[in-house]
Amino acid sequence: MRAIFLSLCLLILSTASRAEISVTDYLGRKVTLEKPAQRIVALAPHIVENLYSAGAGHLLVGAVEYCDYPAEAKKIPRVGAISAYSLEAIVALKPDLVVIWHSGLGAKSLPKLLELGLTVYASDPKTLEDIPRSIRDYGMLTGNDAHAEKTATEFQSRLAELKNRYQHQQTLSVLYQVWNQPLQTINDQHIISDAIRLCGGVNAFGDAFNLAPLINPEAVLSRNPDLIIASGAGEERPEWLDDWRKYPALKAVANDDVYFIPPDIIQRHTVRILGGIEQICTALEKARVKRKSAN
């Protein structure tokens, strides 16, 4: 009987080890692996970051340009740019999982990657809650469930703390400036608007039709935001942010509520966005204090 029992246990363990792994990606597709992924190609910087957050960064064998965080990500072999990667280079790496960004080149490359027989997960995060979702999915797909769950839970806990602290404060309008020439902002479908709302603010151009609409100074003057927050292209405050001084009638300019946040901590759908959110919340709180003092 003991021998039969041990045999049954071994059979159960063997069956469990062969159990398929399945998650549902952002397109509603079921993505299935026979075993945890061991060779991953990630085709956007935020995907690379989230794979590291899920404890799976060491499994990356290919990525695209600007995948620069954490530092070890810079060593991952490149298969091209986020807007022009090589399918041949991807296939040559023999990945058992490819993670694409559907809003980028992914929409066009997905059918081709599937035709090549590759297993593909489509990422397309839009909200702050999509960040822990992605991390949990990557944890499942790589056998790092516990690590990913811990990271995701900590992220959500910090979000809840910030929301409870700021969401009921005085509402102020924010122009988020992506770039200066052409002058570009974002609408309410963008994750940055989600961050502004969490801090008790409202996107001055949230009702725009396009995700990242082009606007003009006249439109900004008309909506007269309480704050202007810009990102730019690097870690340094862009000189063009001072161009707003030409418009002293703007409340944001008159009250010196023009701020800079490095793009990597507010425009990427990763755990690091917590740092950007904290800066948005701090900027809004400074503006509120000024208004109270003025009254």
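Below, the structure is looked at part by part. (Residues numbered from 1 in each chain as written. Predicted model: local features only at pLDDT ≥ 70, side-chain atom pairs only at ≥ 80, totals over all residues. Heavy atoms only, no water.)

**Focus: the overall build of the protein**
Argument step 1. If you tally the helices and strands in the protein, you get 10 helices and 12 strands.
Argument step 2. Principal-axis analysis of the C-alpha atoms gives the protein an extent of 85 × 45 × 35 Å.
Argument step 3. By residue count, 49% of the 295 residues in the protein fall in the buried class.
Argument step 4. Taking the contacts inside the protein whose residues are at least 6 apart along the sequence as the reference set, 62% of them involve residues at least 24 apart.
Argument step 5. Looking at the protein as shown, the accessible area adds up to about 14,700 Å², and 55% of this sits on carbon and sulfur atoms.
Argument step 6. Where the 32 positive side-chain charges of the protein centre and where its 33 negative ones centre are 2 Å apart. (Helix = DSSP H or I, 4+ residues; strand = E, 2+ residues; numbered from the N terminus. Buried < 20%, exposed > 50% of the residue type's maximum accessible area, 1.4 Å probe, protein only. Contact = heavy atoms within 4.5 Å. Areas by Shrake-Rupley, 256 points an atom, 1.4 Å probe, with all protein chains shown as cover. Lys, Arg positive; Asp, Glu negative; His and termini not counted. Charge placed at Lys NZ, Arg CZ, Asp CG, Glu CD.)

**With respect to the packing of aromatic side chains**
Argument step 1. One pass over the structure, following the stated rule, counts 4 aromatic pairs.
Argument step 2. Measuring from ring centre to ring centre gives 5.5 Å for Y121 and Y138, while their planes differ by 70°; the resulting arrangement is edge-to-face. In this pair, Y121 sits in strand β8 (residues 120-123) while Y138 sits in helix α5 (residues 130-142), placing the two residues 17 residues apart along the sequence.
Argument step 3. Consider the rings of W179 and W240, whose centres lie 5.7 Å apart with planes at 65°: the pair is edge-to-face. Taken together, the residues W179 in the loop between β9 (172-177) and α7 (191-198) and W240 in the loop between β11 (227-230) and α9 (251-254) connect sequence positions 61 residues apart.
Argument step 4. Looking at W179, the relative accessible area reads 32%, which means it is partly exposed.
Argument step 5. Looking at W240, the relative accessible area reads 12%, which means it is buried. (Phe/Tyr/Trp six-rings, centres within 6.5 Å; stacked < 30°, edge-to-face > 60°.)

**Regarding the sheet that holds β9**
Argument step 1. Taken together, 4 strands build an open sheet; the order of strands is β10-β9-β11-β12 and the sheet is parallel. Since the sheet does not close on itself, it has two edges, and those belong to β10 (201-203) and β12 (258-260), each with one partner. Here the strands of the sheet are splayed against their neighbours by 30° on average, with no regard to which way each runs.
Argument step 2. With 3 bridges joining them, β9 and β10 adopt parallel strand pairing. Within the sheet, the bridge partner assigned to S173 lies in β10 and is V202.
Argument step 3. Taken strand by strand, α7 contacts β9 and β10, and its axis lies near 155° from that of β10. (Pairing = 2+ DSSP bridges. Axes fitted to C-alpha atoms, helices over the stretch in contact; angles between N-to-C directions.)

**Here's the deal with the sheet that holds strand β4 (residues 60-62)**
Argument step 1. Taken in spatial order, the 4 strands line up as β4-β3-β7-β8 in an open sheet, and their pairing is parallel. Each end of this open sheet is capped by a strand with a single partner; those strands are β4 and β8. Across the sheet, the mean angle separating the axes of adjacent strands is 30° when strand polarity is ignored.
Argument step 2. Here strand β3 (residues 40-42) pairs with β4 via 2 bridges, running parallel.

**Observations concerning unusual backbone geometry**
Argument step 1. For the bond running from Y69 to P70, omega is -5°, close enough to zero to count as cis.
Argument step 2. The peptide bond linking Q181 to P182 adopts the cis configuration, its omega dihedral lying at 0°.
Argument step 3. Its location among the elements puts P182 in the loop between β9 and α7.
Argument step 4. Unusually for a residue other than glycine, Y66 sits at a positive phi of about 70°.
Argument step 5. Along the chain, Y66 falls in the loop between β4 and β5 (80-81).

**Structural notes on the environment of L221**
Argument step 1. The topology assignment puts L221 in helix α8 (residues 217-223).
Argument step 2. Overall, L221 belongs to the partly exposed group, its relative accessible area being 35%.
Argument step 3. Counting along the chain gives 39 residues from L221 to F260, while the straight-line C-alpha distance between them is 20 Å.
Argument step 4. With near-sequence residues (within four places) excluded, L221 lies in contact with Y247 and L250.

**Remarks on the packing of α5 against helix α6 (residues 145-166)**
Argument step 1. Between α5 and α6, the shortest axis-to-axis distance is 8 Å and the interhelical angle comes to 175°. As judged from the angle between their axes, α5 and α6 are roughly antiparallel. Along its contact with α5, which presents I131, P132, I135, R136, G139 and M140, the element α6 presents D145, A148, E149, T151, A152, T153, F155 and Q156.
Argument step 2. The residue makeup of the contact of α5 with α6, split by class, is 7 nonpolar, 4 polar and 3 charged. (Parallel < 35°, antiparallel > 145°, perpendicular 65-115°, else oblique. Nonpolar A, V, L, I, M, F, W, Y, C, P; charged D, E, K, R; others polar.)

**Quick word on helix α2 (residues 45-53)**
Argument step 1. In terms of burial, α2 is largely enclosed, as 9 of its 9 residues are buried.
Argument step 2. Where α2 is buried, its residues meet β3, β4, β7 (97-101), β8, α5 and α6.
Argument step 3. A positive backbone phi angle near 85° is found at G55, which sits one or two residues after α2.

**So, the nonpolar core**
Argument step 1. Of all hydrophobic cores here, the largest spans 75 residues; its most connected members are L43, V48, I90, V98, Y121, I277 and I280.
Argument step 2. Ranked by residues supplied to this core, first place goes to helix α10 (residues 273-294) with 8 residues.
Argument step 3. Counting residues in hydrophobic clusters, the runner-up holds 16 residues, among them L175, L183, A230 and F260. (Core = buried A, V, L, I, M, F, W, Y, C linked by side-chain atoms within 4.5 Å.)

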